[in-house]
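Residues per chain are reported as follows:
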Amino acid sequence: MNTTDYFSTRRTIRKYDQSREIDPAMIDRMLEEAARAANTGNMQTYSVIVTTEPEEIAKLAPAHFNQPAITGAKAVLTFCIDFNRFNRWCRINHADPGLNNLQGFTWGVIDTSLFAQQFVTIAEMNGLGTCYLGTTTYNAEPIAETLHLPSDVVPVITVTVGYPAETPELTERLPVGAIVHHGHYHNPIDEELVGIYAEKDGLESSKQFVKDNGKDNLAQVFAEVRYPRSANEQFSRVYKEFLKNQGIAL
């Protein structure tokens, strides 16, 4: 695949061809390649649980609100921060590990994300479709129970995989000038911000989204319907309590 075409036309796939299975050896090979991703201190404080059996995927689906992307997936990969392996190695060697804190957790999130994204890129370049599920941290506890995660292991990212059964339209992106700053951060004035979001606001799909949700504009839909403060704070409390129970103090 031409890399320029891949990156400029990359899209999330939520519908998978039910007639095509994924060779487990292919997943293993791609994960081996993905594990070459950069990581903090070469500690590789992450693990991934690969779920391919339909009945096992069905057990995970409720924690992800039974989204079609998981109920129709041929493989579900749950990427986790894994301090268990590193901590035990240290203790076996009479060393005192110090990762179960905010700094270590931050490293873990970054490194697990790099590992997951490298896998996604490799998988898509091999003709597969993928979808990130943003529900992993919402329901980390039931996911951990289903996957038998021990203390010091925390799920942070779920990726569903399968051969594409759709070619969705490319979703819009903000103009690159909105996210790239040269030399120092440029804080846009209000008029510039309106221009930055003008294309997104002006899409017919966005206008319909606003209408369907009974709001005045797209910002209200995002802030008050899709990602409201109350829900974010509730999920934050639940996730923080789960992290504490897993032995990570923030």
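Each remark here, short or long, concerns the structure printed above.
What counts and how
Residues numbered from 1 in each chain as written. Predicted model: local features only at pLDDT ≥ 70, side-chain atom pairs only at ≥ 80, totals over all residues. Heavy atoms only, no water. Axes fitted to C-alpha atoms, helices over the stretch in contact; angles between N-to-C directions. Helix = DSSP H or I, 4+ residues; strand = E, 2+ residues; numbered from the N terminus. Parallel < 35°, antiparallel > 145°, perpendicular 65-115°, else oblique. Left-handed = near helix turned anticlockwise from the far one by under 90°. Contact = heavy atoms within 4.5 Å. Nonpolar A, V, L, I, M, F, W, Y, C, P; charged D, E, K, R; others polar. Salt bridge = Lys/Arg side-chain N within 4 Å of Asp/Glu carboxyl O. Pairing = 2+ DSSP bridges. 1 Å grid on protein atoms, 1.4 Å probe; cavity = no way out; pocket = protein on both sides within 12 Å on 5 of 7 lines; lining within 4 Å. Points joined across faces, edges and corners; volume = space filled by probe spheres on them. Expected span 1.5 Å × (residues − 1). Buried < 20%, exposed > 50% of the residue type's maximum accessible area, 1.4 Å probe, protein only. Core = buried A, V, L, I, M, F, W, Y, C linked by side-chain atoms within 4.5 Å.

Visitor: For this particular structure, what's the right way to read the packing of helix α11 (residues 204-212) against helix α12 (residues 218-226)?
Guide: One can describe the packing of α11 onto α12 by two numbers: an axis separation of 9 Å at closest approach and a directional angle of 50°. One element, α11, and the other, α12, form an angle in the oblique class. Handedness of the crossing formed by α11 with α12: left-handed. Here Ser206, Phe209 and Val210 of α11 lie close against α12, whose contacting residues are Leu218, Val221 and Arg226. Residues that form the contact of α11 with α12 fall into these classes: 4 nonpolar, 1 polar and 1 charged.

Visitor: What is the right way to read the pattern of salt bridges from this model?
Guide: When charged atoms on two side chains of opposite charge get close, those side chains can pair. In the structure shown here, the tally under the stated rule is 8 salt bridges. Among the ionic pairs, Lys74 bridges to Glu21, the shortest N-O distance being 2.9 Å. Of this pair, Lys74 sits in the loop between α4 (68-71) and β2 (75-82) while Glu21 sits in the loop between α1 (3-8) and α2 (24-34), and the two are 53 residues apart along the sequence. Between Glu204 and Lys207 there is a salt bridge whose closest N-O contact spans 3.6 Å. Of this pair, Glu204 and Lys207 both sit in helix α11, 3 residues apart, roughly one helical turn.

Visitor: Can you walk me through the sheet that holds strand β4 (residues 153-162) in this structure?
Guide: The strands that make up a sheet pair up through hydrogen bonds in the backbone, lying either parallel or antiparallel. The strand order β1-β2-β4-β3 describes an open sheet built from 4 strands, whose pairing is antiparallel. Edge positions in the sheet fall to β1 (46-51) and β3 (129-133), since each has one partner strand and no second. Averaged over all neighbouring strand pairs, the angle between strand axes comes to 25°, with direction disregarded. Both β1 and β2 contribute to a ladder of 6 bridges, which runs antiparallel. Counterpart to Val50 in the pairing with β2 is Leu77.

Visitor: I keep staring at the layout of surface pockets and nothing clicks. Help me out?
Guide: Rolled over the atoms, a probe with the dimensions of a water molecule shows which regions are left empty. In this structure, the largest pocket encloses a volume near 1100 Å³. Surrounding the largest pocket, 30 residues form its lining, Thr12, Arg14, Thr171, Arg173 and Arg226 being those nearest its centre. Of the residues assigned to the lining of the largest pocket, the class counts are 12 nonpolar, 9 polar and 9 charged. What the second largest pocket holds in volume is close to 260 Å³. It is helix α3 (residues 54-60) that contributes the most residues to the lining of the second largest pocket, 3 residues altogether. Here the residues of the lining of the second largest pocket are counted per class, giving 7 nonpolar, 4 polar and 3 charged.

Visitor: Can you help me understand helix α6 (residues 102-125) in this one?
Guide: Counting along an α-helix, one turn takes 3.6 residues, and residues three or four places apart therefore face a common direction. Taking 1.5 Å per residue as the helical rise, α6 with its 24 residues ought to reach 34 Å, and the 35 Å between its terminal C-alpha atoms agrees with that figure. A positive backbone phi angle near 90° is found at Gly127, which sits one or two residues after α6.

Visitor: Is there a simple way to explain the pairing of β4 in this structure?
Guide: Moving residue by residue along a regular strand, the side chains alternate between the two faces of the sheet. Burial of β4 is extensive: 10 of the 10 residues sit out of reach of the surface. In this sheet, β4 lies alongside β2 in antiparallel orientation, the contact comprising 8 bridges. Within β4, the position partnered with Cys80 by the bridge is Pro155. The sheet contact formed by β3 and β4 spans 5 bridges and is antiparallel. By the bridge assignment for β4, Gly129 is matched with Gly162.

Visitor: It is not clear to me how the nonpolar core should be interpreted in this structure. Could you clarify?
Guide: In globular proteins that are soluble, nonpolar side chains generally tend to be buried together. Core analysis: the biggest nonpolar cluster contains 52 residues, and Ile22, Phe79, Phe119, Leu128, Val154, Val161 and Tyr239 have the highest contact counts within it. Per-element accounting of this core gives the leading share, 7 residues, to α6. Non-local contacts of Val154, meaning those with residues more than four positions away in its chain, are made with Phe79, Cys80, Ile81, Tyr239, Phe242, Leu243, Gln246 and Ile248.

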